[in-house]
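The chain contents come next:
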Amino acid sequence: AAMADGEDEELVLSPAQLLLSLEQAWLNEKFAPELLESKPEIIECVVEQLDHMEANLKRAKRGDLKVSVHHMEIERIRYVLSSYLRCRLVKIEKFFPHILEKEKSRADGEPSILSPEEFAFAKEYMANTETHLKNVALKHMPPNLQKVSLLKSVPKPNLDSFVFLRVLERQENILVEPETDEQREYAITLEEGSQHLIRYKTVAPLVASGAVQLI
Amino acid sequence: MEPAEVEFLAEKELVTIVPNFSLDRIHLIGGDLGPFNPGLPVEVPVWLAINLKQRQKCRLIPPEWMDVGRLEEIRDQERKEDTFTPMPSPYYMELTNLLLNYASDNIPRADEIRTLVKDTWDTRVAKLRLSADSFVRQQEAHAKLDNLTLMEINTTGTFLTQALDHMYKLRTNLQPGESSQSQDF
């Protein structure tokens, strides 16, 4: 499977590596408190692989043992893919004003956190929520109280949440901020293969770059 | 994460089976398996091994660490040390459960193995609870958990991180004038 890099270089991943990337994206999305960058290349390539395999299986003999083994693998991959997409939708519904605001103020070169379909979903969800609040309560309020700022009233993701992670690429000099006034900040080294419990905010860029894996 | 999801990940581990059927190589998206010949051991992922076993198409060969002597050593070391022993498999708990539930007839001294693994698990989870407790009390900002497996982290993980979140919210609300995430109304 071929995936385009940010700099328009084609990264050719083997199907096995592709599945591993999907799994990593799934786990990161599950444990990160905020919505992560969308991974359209991974999704597209996985769907392509699944469609291709299903087309092959249609032509094969029914009741063959091989066919059932292939089907089992397909079900497993579909499960991870669906769970990943559902996890993202849950976060979109939970943090929609902040996500849309972030998308609005995104610079041109920066990658989007929403796929085009997710963006459409988020906008529709926001519009529906606004209409619902208006019809159920706001239009019955005195005129000067009929506005509500969703950006202010919907809670933001808590980037200070603690997360568990495994280190994929060694990182030096990660600054750990103190929890209390009596403590001082200190630097740690994240050795490859080690596992840690730490605040998400400290390692957010490492999750995005793939240097660490949330678990 | 649900325990079933951790088990889902564990099912990718390879295990040796002895098939009673013939099949040439299967080219799965994730890699090649086989060929399968009756009586000849071959490695397959656990999800397939369990399925084939259920269809009576193979017998399973337990991993070399799934042995009473070895597990006794591990259990004793776990009880002796304050730190976590490196486990022979990052999915020791899941694999033990799966193999003993579906293929106990292929595993010598299965009951003893079940007990030994459970004892080791209990010791480790107790240590983890103590560590988590001291982490919260001393308001640590970071912890290293190298020899813990995913299932163990997952068992206490959600509770611990949610508890830390609550404490953080309570603490930041104690400090007036700080830019907290609370609502304006």
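Keep in mind it's a predicted model, so treat the numbers as computed, not measured.

A. Main features of the overall build of chain B. Within chain B one finds 6 helices and 6 strands. Helices and strands in chain B line up, N terminus first, as α-β-β-β-β-α-β-α-α-α-β-α. Since a compact globule built from 185 residues should have a radius of gyration of about 16 Å, the 22 Å found for chain B marks it as more spread out than a globular shape. Along the first, second and third principal axes, the C-alpha atoms of chain B reach 75 × 40 × 20 Å. Going through the 185 residues of chain B one by one, you find that 46% of them count as buried.

B. Geometry of the UniProt feature "domain: GINS subunit" (unreviewed entry) in chain B. As annotated by UniProt and renumbered to match this structure, "domain: GINS subunit" (unreviewed entry) occupies residues 65-169 of chain B. The annotated region residues 65-169 of chain B carries 70% helix and 3% strand content, and the separation between its end C-alpha atoms amounts to 45 Å.

C. Representation of the side chain of T85(B) within the structure. All names here are of chain B. As for its placement among the helices and strands, T85 is situated in the loop between helix 3 (68-80) and helix 4 (92-103). Judged by its relative accessible area of 5%, T85 falls in the buried class. A distance of 2.7 Å separates polar atoms of two side chains, one belonging to T85 and the other to E78. Contact partners of T85, with chain neighbours within four places excluded, come to Q77, E78, R124 and N147.

D. Structural view of the UniProt feature "domain: DNA replication complex GINS protein SLD5 C-terminal" (unreviewed entry) in chain A. Under the local residue numbering, the UniProt record ascribes the feature "domain: DNA replication complex GINS protein SLD5 C-terminal" (unreviewed entry) to residues 157-215 of chain A. Strand forms 42% of residues 157-215 of chain A and helix 17%; the C-alpha atoms that close the span are 19 Å apart.

E. Representation of the domain arrangement of chain A in the model. Residues and elements named next belong to chain A. The assigned domain composition of chain A is domain 1 (15-157) and domain 2 (158-214). The straight-line distance from the C-alpha centre of domain 1 to that of domain 2 is 26 Å. Taken together, the contacts link 11 residues of domain 1 with 12 residues of domain 2. Where domain 1 meets domain 2, there are 0 salt bridges. Remark: the boundary between domain 1 and domain 2 carries 6 residue pairs in polar contact (both at pLDDT 80 or more). Its residues assigned to classes, the side of domain 1 that touches domain 2 shows 6 nonpolar, 2 polar and 3 charged.

F. Fine view of the interface of chain A and chain B. In this complex, chain A contributes 47 residues to the contact, which on the side of chain B involves 45 residues. Surface buried jointly by chain A and chain B totals about 4300 Å² across both partners, of which 64% is contributed by carbon and sulfur atoms. Put simply, chain A and chain B have 4 salt bridges between them. In this structure, the connection of chain A to chain B is made through 18 residue pairs in polar contact (both at pLDDT 80 or more). Contributions of two or more residues to the side of chain A that touches chain B are made by helix 1 (15-31), helix 2 (40-59), helix 3 (65-104), helix 5 (150-153), strand 3 (162-167), strand 5 (186-190) and strand 6 (195-199) of chain A. Of the residues forming the side of chain A that touches chain B, the biggest block, 12 residues, is contributed by helix 3 of chain A. Residue composition of the side of chain A that touches chain B, by class: 23 nonpolar, 12 polar and 12 charged. Two elements, strand 6 of chain A and strand 6 (residues 142-144) of chain B, share 3 bridges in a ladder whose sense is antiparallel. Following the sheet pairing, H196(A) is matched in strand 6 of chain B by K144(B).

Cut-off values and rules
Residues numbered from 1 in each chain as written. Chains lettered and ligands numbered in written order. Predicted model: local features only at pLDDT ≥ 70, side-chain atom pairs only at ≥ 80, totals over all residues. Heavy atoms only, no water. Helix = DSSP H or I, 4+ residues; strand = E, 2+ residues; numbered from the N terminus. Rg over C-alpha atoms; globule rule 2.2 N^0.38 Å. Buried < 20%, exposed > 50% of the residue type's maximum accessible area, 1.4 Å probe, protein only. UniProt positions renumbered as here; feature names shortened; annotations may be inferred. Polar contact = N/O pair within 3.5 Å; in protein donor to acceptor, adjacent residues only side chain to side chain. Contact = heavy atoms within 4.5 Å. Domains from an automatic or database assignment. Salt bridge = Lys/Arg side-chain N within 4 Å of Asp/Glu carboxyl O. Nonpolar A, V, L, I, M, F, W, Y, C, P; charged D, E, K, R; others polar. Buried area = accessible area lost by both parts, 1.4 Å probe. Pairing = 2+ DSSP bridges.

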